[in-house]
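# Fold and geometry: a report
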Amino acid sequence: LILYAGVDELWIDLAEFLTDTTVPRADRSPAFERLAREATEVPSAAKEHFIGNALTVLGSPDRLFVSAINPYPEALRFLGRFNLITDEQLLDLTARLAGIPYQGRQEAAKTIATLSRGVSSPWILAFAIQLSYDEDVEARASAGRCLAALSSSSSDLALVSSNHLVDLLKEDGLLVPILILRELENWRVELTESIRAHVEWMRDNHPSRAVRRLAGRVGG
């Protein structure tokens with residue numbers, strides 16, 4: 001209702017629910033993810049509530065799963081996306097996620113992919129490059145999504161991002177190239193010469209029909 005019907009008066013009730021640490025994460029995480037992906041702004045009253053409770057929410061254990069990782073990844077993505085924590089806190093907490101094997105690195109990669117939709121920052125690029133070499137394919141795929149978003153910027157970040165994107169697009173398998181191509185399509189990125197050349201090669205030669213179709217839409 002908030003996202004599609006503009007019922008902004010529900011924001012404060014939603015904020016109170018999402019910051020209630022007695023509620024299991026499983027009941028809150030989908031909302032955090034959806035807001036981070038689709039919301040355009042947070043009203044001032046709700047923003048103040050999130051800011052006042054941010055660190056408690058990020059650091060509280062999950063009532064349902066004792067093994068849940070901290071900081072709370074879905075909340076971090078939402079709070080970071082709308083500048084509800086400081087840049088220093090965001091960098092520190094993302095680094096903590098990246099230091100946790102496997103699931104933590106996956107969540108760190110998802111976090112920078114989300115953040116890159118609204119922020120172009122050298123530290124996000126640095127994490128994306130590092131995680132693009134991760135042994136976990138999901139982490140590499142999310143890092144690739146981040147690089148695709150950064151490649152749409154007009155800064156020096158775009159050139160560095162583009163160079164690493166080509167390497168990721170050359171990977172065997174489907175997950176990494178498909179997620180990167182989808183991100184390039186969503187952002188309608190103006191492709192660099194090196195990316196365009198490889199996307200056109202994928203359009204004509206990739207063994208996967210799904211990848212060929214997607215590459216055709218991206219590369220024209």
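Just above sits the structure.
Residues numbered from 1 in each chain as written. Predicted model: local features only at pLDDT ≥ 70, side-chain atom pairs only at ≥ 80, totals over all residues. Heavy atoms only, no water.

### What about the pattern of salt bridges?
For clarity, the cut-off: Salt bridges are counted wherever a side-chain nitrogen of Lys or Arg sits within 4 Å of a carboxyl oxygen of Asp or Glu. Per the convention used, a helix needs a DSSP run of H or I reaching at least four residues, while a strand needs a run of E reaching at least two, with both numbered from the N terminus. Accessible area is worked out with a 1.4 Å probe on protein chains only. A residue is then buried under 20% of its type maximum, exposed over 50%, and partly exposed in between.
The final tally for this structure, using the stated rule, is 13 salt bridges. The partner of Glu-33 in a salt bridge is Arg-77, with the nearest N and O atoms 2.9 Å apart. Here Glu-33, found in helix α3 (residues 29-38), pairs with Arg-77, found in helix α5 (residues 73-81); they are 44 residues apart in sequence, far enough to count as distant. Under the relative-accessibility criterion, Arg-77 is labelled buried at 1%. In this structure, Arg-96 and Asp-92 form a salt bridge, with 3.0 Å as the shortest nitrogen-oxygen distance.

### A word on the packing of aromatic side chains
Rules: Under the pairing criterion, centres of Phe, Tyr and Trp rings, with the six-membered ring standing for Trp, must be within 6.5 Å; the plane angle then separates stacked pairs below 30 degrees from edge-to-face pairs above 60, leaving the rest tilted. Think of it as a cone above the ring: NZ of Lys or CZ of Arg counts as a charge over the ring if it is within 6 Å of the ring centre and within 35 degrees of the ring normal.
Tallied over the full model, the rule gives five aromatic pairs. Residues Phe-50 and Phe-78 carry aromatic rings whose centres are separated by 4.9 Å and whose planes lie at 65° to one another, so their mutual orientation is edge-to-face. Here Phe-78 lies in helix α5 and Phe-50 lies in helix α4 (residues 44-59), a separation of 28 residues in the sequence. Measuring from centroid to centroid gives 5.5 Å for Phe-78 and Phe-82, while their planes differ by 55°, and the two rings are tilted. For Phe-82, a relative accessible area of 10% corresponds to the buried category. Aromatic rings pair up to connect Phe-32, Phe-50, Tyr-72, Phe-78 and Phe-82 into one cluster. The ring of Phe-82 carries the charged tip of Arg-81 above its face, separated from the ring centre by 5.2 Å. Directly above the ring of Tyr-102 sits Arg-105, whose terminal nitrogen or CZ lies 5.4 Å from the centroid.

### Remarks on α4
Residues three or four positions apart in an α-helix share a direction because the helix packs 3.6 residues into each turn. Counted only if it meets this: A helix is expected to span 1.5 Å for every residue after the first. Note that bend, as reported per residue, equals the angle between axes fitted to the 7 residues terminating at that residue and the 7 residues originating from it. Throughout, a contact is declared for two residues whenever any of their heavy atoms are within 4.5 Å.
The end-to-end C-alpha distance of α4 is 23 Å, a good match for the 22 Å that 16 residues give at a rise of 1.5 Å each. At Asn-53, α4 shows its largest bend, some 55°. All of the buried residues in α4 are Ala-46, Phe-50, Ala-54, Val-57 and Leu-58. Packing partners of the buried residues in α4 comprise α2 (11-18), α3, α5 and α6 (87-98).

### Quick look at the side chain of Thr-114
Positionally, Thr-114 belongs in helix α7 (residues 103-115). Overall, Thr-114 belongs to the buried group, its relative accessible area being 11%. The residues contacting Thr-114, other than those within four sequence positions of it, are Ala-36, Arg-77 and Arg-81.

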